[in-house]
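Report on the structure
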Amino acid sequence: GESVGLHLPTLSVQEGDNSIINCAYSNSASDYFIWYKQESGKGPQFIIDIRSNMDKRQGQRVTVLLNKTVKHLSLQIAATQPGDSAVYFCAERFGSARQLTFGSGTQLTVLP
Amino acid sequence: DGGITQSPKYLFRKEGQNVTLSCEQNLNHDAMYWYRQDPGQGLRLIYYSQIVNDFQKGDIAEGYSVSREKKESFPLTVTSAQKNPTAFYLCASSPGQGGEQYFGPGTRLTVT
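Below, the structure is looked at part by part. It should be emphasised that the depicted structure is a prediction, and the values quoted were computed from it without experimental measurement.

Turning next to the packing of aromatic side chains. Taken as a whole, this structure holds eleven aromatic pairs over all chains when the rule is applied. Relative to Tyr35 of chain B, the ring of Phe102 of chain A has its centre 5.3 Å away and its plane inclined at 85°; by these criteria the two rings are edge-to-face. Taken together, the positions of Phe102 of chain A in strand β9 (residues 99–102) and Tyr35 of chain B in strand β4 (residues 31–37) put the pair across two chains. Considering the side-chain rings of Tyr33 of chain B and Tyr35 of chain B, the 6.3 Å spacing of their centres and the 25° angle between planes classify their relative orientation as stacked. Both residues of the pair, Tyr33 of chain B and Tyr35 of chain B, count as buried. Cluster of aromatic residues (ring-pair linked, three or more members): Tyr36, Phe46 and Phe102 of chain A together with Tyr33, Tyr35, Tyr48 and Phe103 of chain B. For the cation-ring pair, Arg68 of chain B lies above Phe74 of chain B, with the distance from its terminal atom to the ring centre recorded as 6.0 Å.

Residue and element names in this part refer to chain B. Spatially, β1-β3-β8-β7 is the arrangement adopted by the four strands of the open sheet, whose pairing is antiparallel. Edge positions in the sheet fall to β1 (4–7) and β7 (64–66), since each has one partner strand and no second. Averaged over all pairs of adjacent strands, the angle between their axes in this sheet comes to 20°, without regard to strand direction. As judged from the three bridges shared by strand β3 (residues 19–25) and strand β8 (residues 76–78), these two strands associate in the antiparallel manner. Bridging from a neighbouring strand, Thr20 pairs with Thr77 of β8.

Facing 19 residues of chain A, the contacting portion of chain B comprises 20 residues. Buried surface at the junction of chain A and chain B, both sides included, amounts to about 1,400 Å², of which 53% is carbon and sulfur. It is Pro44, Gln99 and Phe102 of chain A in chain A that bury the most area against chain B; as a group they hold 34% of the surface buried on that side. Inspection of the region where chain A meets chain B yields zero salt bridges. Our count for the chain A to chain B interface comes out at three residue pairs in polar contact (both at pLDDT 80 or more). Elements that contribute at least two residues to the side of chain A that touches chain B include exactly β3 (32–38), β8 (86–94) and β9 of chain A.

Cut-off values and rules
Residues numbered from 1 in each chain as written. Chains lettered and ligands numbered in written order. Predicted model: local features only at pLDDT ≥ 70, side-chain atom pairs only at ≥ 80, totals over all residues. Heavy atoms only, no water. Phe/Tyr/Trp six-rings, centres within 6.5 Å; stacked < 30°, edge-to-face > 60°. Helix = DSSP H or I, 4+ residues; strand = E, 2+ residues; numbered from the N terminus. Buried < 20%, exposed > 50% of the residue type's maximum accessible area, 1.4 Å probe, protein only. Lys NZ or Arg CZ within 6 Å of the ring centre and 35° of its normal. Pairing = 2+ DSSP bridges. Axes fitted to C-alpha atoms, helices over the stretch in contact; angles between N-to-C directions. Contact = heavy atoms within 4.5 Å. Buried area = accessible area lost by both parts, 1.4 Å probe. Salt bridge = Lys/Arg side-chain N within 4 Å of Asp/Glu carboxyl O. Polar contact = N/O pair within 3.5 Å; in protein donor to acceptor, adjacent residues only side chain to side chain.

Take a look at the structure:
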């Protein structure tokens, strides 16, 4: 079956800089996308979601961009902080069962 | 506090033994899910349940079993038929099918 993938497995940024985490999806029928944050040894935590009828959605310090033309999703984190260090997953929803399919994740490391 | 609890946090078993992982939620969610996570990988769906007394196989159901006798509880049994049971197991719930999922803290199972 089709699955969500990520461009980079690791990303290091300086504290205070902006971070951009990318995600490629292959199913054009996906209608809903979620970004999760997972700290070491813990369960994933919801960050932000976006529906396929939107191109952009903003939250507190985070923005998700959806480009359906190239099937690309990105998560932007403004003024990255040490507490942002974690693995970030994107997930897509498609199909009659409407389950979420998760990517393998990107490890974000914030450097002092 | 509302949320999802999983117990225990760490679990050790000998090969050939069945083991049951607990998942309880007090969010009044209809749907519940079990995922398996291996190092450096995303989440893979084991089983899900949309409603009490009903559950469906996910992508990697072989060697696992579940029950959904109560809305708030969705225990997962890892049987001796599961060839590689050592992993991090995550339980999640959602208000309905296909929406945002809320995750528990996970159970790390080690089988030797």
